[in-house]
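The primary structure of each chain is shown beneath.
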Amino acid sequence: MNNSLLITILIISFVTILFLLIAIQNRKNTYKKKERILDDLQTLKSCTTNSTPSERVVTIMKLDNLLSKAFQYHYGNDRSCSDNLKQSRKMFKRDNYQNLWDVHKLRNSVVHEEAEISESDIKKAYDIYNFSIRKILK
């Protein structure tokens, strides 16, 4: 066997192994990102009960950020939450999609117009975000 052929085979084998190792590492990182989003979501559940108005504002902002991260994970992009929400129309049933838009609009009104959010509204918003994020990350 020719030495140049043997060297070529070794180089190709080395490059292939290198690509496989990188792919395995990327897959682990992707799985960790998904788990981190779900862990953060679970942590926010406690913030929906017996919370102050300012805590509820922070909670809905964090929930919307998790939704944005879930969309970015699912679509593999870095677009805004509303852009990805528009793209996800077929992912949800009509009423679930509308509920998701409603809580996103609630978040926007709380942040931009300094609207108040009640404890029952934050619980409902959490349930909608929880359902939606889990569906996106499925």
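Parameters at a glance
- Residues numbered from 1 in each chain as written.
- Predicted model: local features only at pLDDT ≥ 70, side-chain atom pairs only at ≥ 80, totals over all residues.
- Heavy atoms only, no water.
- Helix = DSSP H or I, 4+ residues; strand = E, 2+ residues; numbered from the N terminus.
- Buried < 20%, exposed > 50% of the residue type's maximum accessible area, 1.4 Å probe, protein only.
- Polar contact = N/O pair within 3.5 Å; in protein donor to acceptor, adjacent residues only side chain to side chain.
- Contact = heavy atoms within 4.5 Å.
- Patch = residues over 30% accessible without salt bridge, like charges linked within 9 Å, V, L, I, M, F, W, Y side chains within 5 Å.
- Areas by Shrake-Rupley, 256 points an atom, 1.4 Å probe, with all protein chains shown as cover.
- Salt bridge = Lys/Arg side-chain N within 4 Å of Asp/Glu carboxyl O.
- Lys, Arg positive; Asp, Glu negative; His and termini not counted.
- Charge placed at Lys NZ, Arg CZ, Asp CG, Glu CD.
- Disulfide = S-S within 2.5 Å.
- Phe/Tyr/Trp six-rings, centres within 6.5 Å; stacked < 30°, edge-to-face > 60°.
- Core = buried A, V, L, I, M, F, W, Y, C linked by side-chain atoms within 4.5 Å.
- Axes fitted to C-alpha atoms, helices over the stretch in contact; angles between N-to-C directions.
- Parallel < 35°, antiparallel > 145°, perpendicular 65-115°, else oblique.
- Left-handed = near helix turned anticlockwise from the far one by under 90°.
- Nonpolar A, V, L, I, M, F, W, Y, C, P; charged D, E, K, R; others polar.

Points about the side chain of Ser51
Working step 1: Within the element layout of this structure, Ser51 appears in the loop between helix 1 (3–44) and helix 2 (53–75).
Working step 2: For Ser51, a relative accessible area of 10% gives the class buried.
Working step 3: Looking at Ser51, its side chain comes within polar contact range of the main-chain oxygen of Cys47, at 3.3 Å.
Working step 4: Beyond its immediate chain neighbours, meaning those up to four positions away, Ser51 contacts Arg56 and Glu119.

Considerations on a positive patch on the surface
Working step 1: Taken together, the side chains of Lys32, Lys33, Arg36 and Lys69 present a region of like positive charge at the surface.
Working step 2: When residues in the positive patch are grouped by element, the largest group, three residues, is from helix 1.
Working step 3: Relative to the elements of secondary structure, Arg36 occurs in helix 1.

Observations concerning the state of the cysteines
Working step 1: Applying the stated rule across the entire model yields zero disulfides.
Working step 2: Distance from the sulfur of Cys47, which forms no disulfide, to the nearest cysteine sulfur (Cys81) is 19 Å.
Working step 3: Judged by its relative accessible area of 29%, Cys47 is partly exposed.
Working step 4: With a relative accessible area of 7%, Cys81 lands in the buried category.

Regarding the packing of aromatic side chains
Working step 1: A full pass over the atoms with the stated rule returns two aromatic pairs.
Working step 2: The interplanar angle of 20° and the centroid separation of 6.1 Å between the aromatic rings of Phe71 and Tyr75 together place this pair among those described as stacked. Residue Phe71 and its partner Tyr75 are located together in helix 2, separated by four residues, close to a single helical turn.
Working step 3: Judged by relative accessible area, which is 0%, Phe71 ranks as buried.

Regarding unusual backbone geometry
Working step 1: Of note, Asn50 is a non-glycine position whose phi angle comes to about 50°, a positive value.
Working step 2: Topologically, Asn50 is positioned in the loop between helix 1 and helix 2.
Working step 3: Positive phi outside glycine occurs at Glu114, with the angle close to 55°.

With respect to the nonpolar core
Working step 1: Counting residues in each nonpolar core, the largest one holds 27 residues, and the members touching the most others are Ile60, Leu67, Phe71, Leu100, Tyr129 and Ile133.
Working step 2: When residues in this core are grouped by element, the largest group, eight residues, is from helix 5 (residues 119–137).
Working step 3: Once residues lying within four places of it in the same chain are set aside, the contact partners of Ile60 are Val103, Leu106, Arg107, Val110, Ile117, Ile122, Ala125 and Tyr129.

Quick notes on the pattern of salt bridges
Working step 1: Within the structure shown, the criterion is met by two salt bridges.
Working step 2: With a closest N to O distance of 3.6 Å, Arg107 and Asp64 form a salt bridge. Linking Arg107 in helix 4 (residues 94–112) with Asp64 in helix 2, this pair joins segments that are 43 residues apart in sequence.
Working step 3: Among the residues examined, Arg107 registers a relative accessible area of 17% and is labelled buried.

Structural notes on the packing of helix 2 against helix 5
Think of two packed helices as two axes; the pair is described by the angle between the axes and how far apart they sit.
Working step 1: One way to put it is that helix 2 packs onto helix 5 with a least axis distance of 10 Å and a crossing angle of 10°. As summarised for this structure, helix 2 and helix 5 are arranged roughly parallel, according to the angle between their axes. Taken as a pair, helix 2 and helix 5 cross one another with a handedness that is left-handed. When helix 2 is examined against helix 5, the residues Arg56, Thr59, Ile60, Leu63, Asp64, Leu66, Leu67, Ala70, Phe71, Tyr73 and His74 are found in contact with a partner set consisting of Glu119, Ile122, Ala125, Tyr126, Tyr129, Ser132, Ile133, Ile136 and Leu137.
Working step 2: Considered class by class, the residues forming the contact of helix 2 with helix 5 number 14 nonpolar, three polar and three charged.

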